[in-house]
Amino acid sequence: MKIAFFSTKTYDKESFLTYGRKSEHEFSFFDAQLDHKTVTLAEGHEVICSFVNDRIDEYILKKLSQIGIKLIALRCAGYNQVDLQSAKKYGIRVVRVPAYSPEAVAEHAFAILLTLMRKTHKAYNRVRENNFSLEGLTGSNIHGKTIGVIGTGAIGKAFCRISKGFGCSILAYDLHQSQEMKELGVQYLELNEVLKKSQILSLHCPLTPETRHLINGHSLGIMPNGVILINTSRGALIDTKAVIKALKSKKIGFLGIDVYEQEEHIFFKNLSEEILEDEQISRLMTFPNVLITGHQAFLTHEALEQIATTTLENISSYQRGDVLSNEIKAD
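Since the structure is predicted, the reported quantities are computational estimates derived from the model, not experimental observations.

### Notes on the overall build of the protein chain
Scanning the protein chain from terminus to terminus reveals 12 helices and 13 strands. Its C-alpha atoms give the protein chain principal-axis dimensions of roughly 60 × 50 × 35 Å. Within the span of the protein chain, comprising 331 residues, buried residues form 50% of the whole. Sequence-distant contacts in the protein chain: of pairs separated by 6 or more residues, those separated by 24 or more amount to 66%. Computed over 38 positive and 38 negative side-chain charges, the separation of the two mean positions in the protein chain equals 5 Å.

### Notes on helix 1 (residues 10-19)
Each turn of an α-helix holds 3.6 residues, which means side chains three or four residues apart point in the same direction. Within helix 1, burial applies to Asp12, Ser15 and Phe16. Looking down the long axis of helix 1, one finds its buried residues gathered within 95° of arc, a one-sided arrangement. Away from its buried face by more than 90 degrees, helix 1 exposes Thr10 and Glu14. Buried residues in helix 1 make contact with strand 1 (2-5), strand 2 (26-29), strand 3 (47-50) and helix 12 (301-320).

### Here's the deal with the sheet that holds strand 8 (residues 187-188)
One open sheet holds the seven strands; their spatial order is 8-7-6-9-10-11-12, and the pairing between them is parallel. With partners counted over all chains shown, the strands left at the sheet margins are strand 8 and strand 12 (290-292), one partner each. Contacting strand 10 (227-231), strand 11 (252-257) and strand 12, helix 10 (residues 240-248) runs over the sheet at an angle of about 140° to strand 11.

### Re the pattern of salt bridges
On inspection of all chains with the given rule, the structure shows 11 salt bridges. Residues lysine 13 and aspartate 31 are paired through a salt bridge, measuring 3.5 Å at the closest nitrogen-oxygen approach. Placement of lysine 13 in helix 1 and of aspartate 31 in the loop between strand 2 and strand 3 is noted, with a sequence separation of 18 residues between them. Taking the relative accessible area as the measure of exposure, lysine 13 reaches 28% and is therefore partly exposed. Across the pair glutamate 313 and arginine 320 runs a salt bridge whose closest N-O atoms are separated by 2.7 Å. The exposure class of glutamate 313 is partly exposed, given its relative accessible area of 39%.

### Notes on the sheet that holds strand 3
Taken in spatial order, the six strands line up as 2-1-3-4-5-13 in an open sheet, and their pairing is mixed. Two strands in the sheet have a free side with no partner beyond their single neighbour: strand 2 and strand 13 (327-328). One ladder, built from three bridges, connects strand 4 (residues 71-74) with strand 5 (residues 93-95); its direction is parallel. Across the sheet, the residue bridging to alanine 73 is valine 95, located in strand 5. Docked against the sheet, helix 1 engages strand 1, strand 2 and strand 3, running at close to 175° with respect to strand 2.

About the thresholds
- Residues numbered from 1 in each chain as written.
- Predicted model: local features only at pLDDT ≥ 70, side-chain atom pairs only at ≥ 80, totals over all residues.
- Heavy atoms only, no water.
- Helix = DSSP H or I, 4+ residues; strand = E, 2+ residues; numbered from the N terminus.
- Buried < 20%, exposed > 50% of the residue type's maximum accessible area, 1.4 Å probe, protein only.
- Contact = heavy atoms within 4.5 Å.
- Lys, Arg positive; Asp, Glu negative; His and termini not counted.
- Charge placed at Lys NZ, Arg CZ, Asp CG, Glu CD.
- Arc of directions from axis to C-beta.
- Pairing = 2+ DSSP bridges.
- Axes fitted to C-alpha atoms, helices over the stretch in contact; angles between N-to-C directions.
- Salt bridge = Lys/Arg side-chain N within 4 Å of Asp/Glu carboxyl O.

Right, here's the structure in full:
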């Protein structure tokens, strides 16, 4: 099948060309993000492959339908960016990659946590300037801390296993409690109890209408002073304005994020020669206790291999007329 890839980077091209070399599919790679102007690039193709920040609304779905696109293959797990009702209306099926190396994201979340707690990023910059002073670099142990995990799907479970290895007490909240995690020693509590008792809080839940701005002024008020907040899931789980206020009041001790609610205008782009117009992320970057990475938690060789192979298998299954095990549909 002829596949149009949107929002592609060098690593996307390399992984799909490497792991798709034996397939019969034809690839067209576009650097452009999928939007109202670029949707016409899909002409002459049968499938589009999009990424997490390609917002696929009714206008785009209507255009894709007119072009003849019948399948959207998301090379990501999240699908809140797709108007599934409109996809159903125009007869376009949507598949995704439900899990790709959950350890990749969980390890990155812990890397952010370790960096913040031991200030290794600041030490690195100092040593590069021949400054070997230890003043201001006093950190804290992770061992013995109480970590709260919101969402114990594949990534949340991987994060819990890492936390257990560091000797942490683990509290969790999930609508569906995992027996495996209970046997590991994870204690499931109601959301407010997890928020109240956790010294470190890591988010690993999907973005839904119910979880949007899960971290807000009210929920922050429940948390202990100096709480450490980590988000490698979805940017809009956090109300950025409320978090900035909590940083200013020192309610939040450290903030580490790999996602941001307005990231589609910023992330995956080189803006080093431009002035950032987003005032909220600019404000976040002024805090010395904030660490931001640009949605790179997924970016490992192992994860890229799984993304490419699963995406291509989804497309091949559609071509063969098989049941699409990774299809997502409107409720």
